[in-house]
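Each chain is listed here by its residues.
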Amino acid sequence: MKKLMLGLTCVFAMGLVGCSGGDGTDDAGWLPTPDAAVPVYDSAPVATDTGPAPDPYVWVVIQDTEQIACSTNGPGTDIDGVALYDATGVLGVGMIGSALFTANPLGNACDNADCAGSNCKYAAISLTFTPEDLVARTEGPADATVEEVLSDTGYFSLNAGTLQMQIGDANGLPPAKALKSGDYIKVYEVDQSYIASGAAYSGCTCGPEHYTVALQTAAGALVQLTAVQLDPYNTTCTALTATSIEGCGSTVFMVP
């Protein structure tokens, strides 16, 4: 089946802002050590001005690019949470009440009839949960669990759509933070690291899935982020290069 690659052009078309499972691991030592093919970045940005940008980036935009497979209850990329870091550590996580979801206007998404048990349970079209409840799972600290029998918690399956949110404090509380050059964005996607941490049961497939990340200003300007670190448990992911824009499982991105 054709792999979905909407890119930034489609993000504009989807009318976002202005056009508006935790993995249980310790993020100490989070600062990326990129793959060998990726240049090592400075540990902290160099100050170049004395005040905030007139139109700062305030939204994180995640576009599902996973090849659609409708045999599960959670089609597409499974987003648990988003965190903002700099060289000193965590600065904030997805701001509670800010997350918005836009279904793919081009189609190429699963219908409930296509999913296991005729229910895309963890996607916006779920027959079990409301879209609002599922989108809210991506806010605040990462906390997803994948259960063998009971319902999973804490993540939202994008099903070829786009998720955007602002970043609050370390608990997800407002105000929204401006996203600066030299910061890092980590997206927690339910993957092999969740098995290692115990957040997913041992028999979980938990395959790392693909997506891109951009930042958006309040006025709608977008910048694409580069992926700089993959989780080491996701051994099936292709090694990153200096121009990689696609995340694979839980991935760290650099703000240019």
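Data block above holds the structure.
About the thresholds
- Along each chain, residue indices are assigned from 1 in the same order as the chain's sequence is written.
- pLDDT decides what is reported in this predicted model: residues at 70 or higher carry local features, side-chain atom pairs at 80 or more are listed and counted, and totals for whole chains, interfaces and linings draw on all residues regardless.
- The side-chain quantities take in all heavy atoms of the structure and omit both hydrogens and water.
- Any two rings among Phe, Tyr and Trp, with Trp reduced to its six-membered ring, count as a pair given centres within 6.5 Å; such a pair is stacked if its planes are under 30 degrees apart, edge-to-face if over 60, and tilted if neither.
- A helix here means a DSSP run of H or I that spans at least four residues, while a strand means a run of E at least two residues long, and both kinds are numbered starting from the N terminus.
- Note on exposure labels: buried denotes an accessible area under 20% of the residue type's maximum, exposed denotes more than 50%, and partly exposed covers the range between, all computed with a 1.4 Å probe on protein chains only.
- Residues enter a nonpolar core if they are buried and are Ala, Val, Leu, Ile, Met, Phe, Trp, Tyr or Cys, with the set joined through side-chain atoms within 4.5 Å.
- The criterion used for residue contact is that any of the two residues' heavy atoms lie within 4.5 Å.
- Basic side-chain nitrogens of Lys or Arg form a salt bridge, by our definition, when they fall within 4 Å of a carboxyl oxygen of Asp or Glu.
- Disulfide assignment relies on a single distance test, namely cysteine sulfur atoms paired within 2.5 Å.

Points about the packing of aromatic side chains
Thought 1: Enumeration over the complete set of coordinates arrives at four aromatic pairs.
Thought 2: Here Tyr122 and Tyr155 contribute two aromatic rings whose centre-to-centre distance is 5.2 Å and whose plane-to-plane angle is 45°, an arrangement assigned as tilted. One end of the pair, Tyr122, is in the loop between strand E4 (100–102) and helix H2 (131–136); the other, Tyr155, is in the loop between H2 and strand E5 (156–157), and 33 residues separate them in sequence.
Thought 3: Residue class for Tyr155 comes out buried when judged on its relative accessible area of 6%.
Thought 4: Centre to centre, the rings of Tyr211 and Phe253 are 5.9 Å apart; their planes meet at 50°, and the pair counts as tilted. Taken together, the residues span a long stretch of sequence, with Tyr211 in strand E8 (residues 210–217) and Phe253 in strand E12 (residues 251–254) at a distance of 42 residues. The two residues Tyr211 and Phe253 agree in class, both being buried.
Thought 5: By the ring-pair criterion, three or more aromatic residues cluster together here, those being Tyr122, Phe129 and Tyr155.

Describing the nonpolar core
Considering soluble globular proteins, one finds that nonpolar side chains tend to be buried as a cluster.
Thought 1: Formed by 28 residues in total, the largest nonpolar core has its most connected members in Val60, Ile62, Leu163, Ile185 and Val187.
Thought 2: When sequence neighbours within four positions are dropped, the list of residues in contact with Val187 reads Ile62, Ile79, Gly81, Val82, Tyr211, Val213, Gly249, Ser250, Thr251 and Phe253.
Thought 3: Ala83, Tyr155, Tyr184 and Ala200 belong to the second largest nonpolar core, which has 18 residues in total.

Observations concerning the pattern of salt bridges
Thought 1: In this structure the tally under the stated criterion is one salt bridge.
Thought 2: Here Asp183 and Lys180 are joined by a salt bridge, their closest N and O atoms 3.5 Å apart.
Thought 3: A relative accessible area of 2% places Asp183 in the buried class.

Description of the environment of Val252
Thought 1: Along the chain, Val252 turns up in strand E12.
Thought 2: Each C-alpha atom, one on Val252 and one on Tyr188, is 8.9 Å from the other, the two residues being 64 residues apart in sequence.

What to know about the state of the cysteines
Thought 1: Using the criterion set out here, one finds four disulfides in the structure.
Thought 2: Two residues share a disulfide in this structure: Cys115 and Cys120, whose sulfurs sit 2.0 Å from each other. Its S-S torsion of approximately 85° makes the covalent link between Cys115 and Cys120 right-handed.
Thought 3: Note that Cys237 is cross-linked by a disulfide to Cys248, the S-S spacing being 2.0 Å. Its torsion about the S-S bond being -80°, the disulfide of Cys237 and Cys248 is classed as left-handed. Of this pair, Cys237 sits in the loop between strand E10 (226–230) and strand E11 (246–248) while Cys248 is found in strand E11, placing the two residues 11 residues apart along the sequence. Grouping residues by exposure puts Cys237 and Cys248 together as buried.
Thought 4: In the protein chain, the cysteines engaged in disulfides, taken in order along the sequence, are linked 1-2, 3-4, 5-6, 7-8.

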